[in-house]
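# Residue-level structure breakdown
If you want the building blocks of each chain, they are given just below.
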Amino acid sequence: MVWPETPVERLQGFRPRFCPWPECSEHRRSAPGYRFHRHGAYATVRRPKIPRFRCLTCGRAFSRQSFATSYYLKRPELLVPVAAGLVAGSAHRQLARSLGCAPSTVTRQSARLGRHALLLQSLALETLSGRLCESIAADHFETFEFSQDLPFGVLTLVGRDSWFVFGIDPAPHARTGRRTPSQEARRLARPRRPSRAGYFGSFRRGLDLLLDLAPQGGSVHLVCDGKPEYLDALTSHAGHRRFAIEIHPNPVRGPKGSPKSPEAAARDRALHTVDRLHALLRHTRADHKRETIAFGRRLNAIMERLFVATAWRNFVKGRSERRPDPVTPAMRLGLAGRPWTWRQVLSRRLFPRRHRLPGLWSNLYRRNWTTPVLPTNHRHRLKHAA
Ligand SMILES: [Zn+2]
């Protein structure tokens, strides 16, 4: 994967390789040969000379800053600390207090980081297309939006050798477990939300994503706990013959302190990497800790933050900090030569129309996955941005 180390803001001899305007026919160019003219420069308080250009195809002007992840930001210096804080267990208001900015600034930058991480993951998947050769562990990570009446699972597909997180996909589902009559009445009074086929739909979209990664005509080895919805999704999938599935049902455990049964030990060995990821998410994300007041209000925003965590897990964090093992999952797959810093993750802006977004990710990018129980749901309108 070609990914620069130096942030675009620091490049002296920057030359655009495509037009940043999504409507232009040169926006999707990947080959060399993009035609532009220099069009002066402007200065800001922070930077003395930012070059401007004019596209010779659409005639529109743009600047070097159009290619930076900090485009249009008033506080660009906050992007890196916000990203680092989000995966270090900080909630938005805690971050705002320690960084000296408004909580809404952290919320907006967190959404931007989520969109960037989603596109970075799409770029990584494009690079890995046809190259999947390891076994995948699949399971849903359980959380909720706004209230425990509105639970959803997030499908996580993790490489069993590389520990690379290949995909995440939400699955809204009905609340389970015991409820008092008043809790049940409150739950029934809530506006209905689209489920997008719940676990079944989410797993099916995960299967599509994995088939795109498998070599031409090759098969995918998949390990899961055998939820009935998983098996339904698999048997009804047109490419079901290309999956070799290994099932380890979740065994009954306990009482606390009793030794693991052989079935429980086999299940834990098989799903070790995905269990580790879920434990890491609970430990490092403020919105997924148990009994927290920092829980997420909207599924879409929670998914954005999970994409930030995915980028961190794949590109920044070594496999083990205890050992120490600085090799990141992306390095094991040949996507990166060394661990990335957040500055490197954010060194280039990515444009949604230049990448193929799997499943429902373009809905998440546009913030089209709304939470009906909330009065307002701001979508990501592409007024100035892509
Ligand atoms: Zn153009």
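Below is a short write-up of the structure. If you're wondering where the values come from, they're calculated on a predicted model, not measured in any experiment.

Moving on to helix α2 (residues 92–99). Listing the buried residues of α2 in full gives H92, L95 and A96. Along the axis of α2, the buried residues cluster in a sector spanning 100 degrees; they form a single face. Exposed residues on α2 whose side chains face more than 90 degrees from its buried face are R93, R97 and S98. Contacts made by the buried residues of α2 are with α1 (79–86), α3 (103–128) and α9 (299–316). G100, located one to two residues past α2, shows a positive phi value of around 70 degrees.

Now for the packing of helix α8 (residues 272–284) against α9. Running from N to C, α8 and α9 point in directions that differ by 115 degrees, and their axes come no closer than 12 Å. Helix-helix and strand crossings are classified by hand; for α8 and α9 the assignment is right-handed. Contacts between α8 and α9 involve L277, L280, L281 and T284 from the first element and L306, A309, W312 and R313 from the second. In the contact of α8 with α9, the residues fall into six nonpolar, one polar and one charged.

This next bit is on unusual backbone geometry. In most cases, non-glycine residues show a negative phi, while peptide bonds are predominantly trans. One non-glycine residue, W163, lies in positive phi territory at about 70 degrees. Mapping W163 onto the fold places it in the loop between β5 (151–159) and β6 (165–172). What makes W163 buried here is its relative accessible area of 13%. A positive phi angle, near 50 degrees, is found at R196, a position not held by glycine. Here R196 lies in the loop between α4 (181–189) and α5 (198–213).

Rules used in this analysis
- Residues numbered from 1 in each chain as written.
- Predicted model: local features only at pLDDT ≥ 70, side-chain atom pairs only at ≥ 80, totals over all residues.
- Heavy atoms only, no water.
- Buried < 20%, exposed > 50% of the residue type's maximum accessible area, 1.4 Å probe, protein only.
- Helix = DSSP H or I, 4+ residues; strand = E, 2+ residues; numbered from the N terminus.
- Arc of directions from axis to C-beta.
- Contact = heavy atoms within 4.5 Å.
- Axes fitted to C-alpha atoms, helices over the stretch in contact; angles between N-to-C directions.
- Left-handed = near helix turned anticlockwise from the far one by under 90°.
- Nonpolar A, V, L, I, M, F, W, Y, C, P; charged D, E, K, R; others polar.

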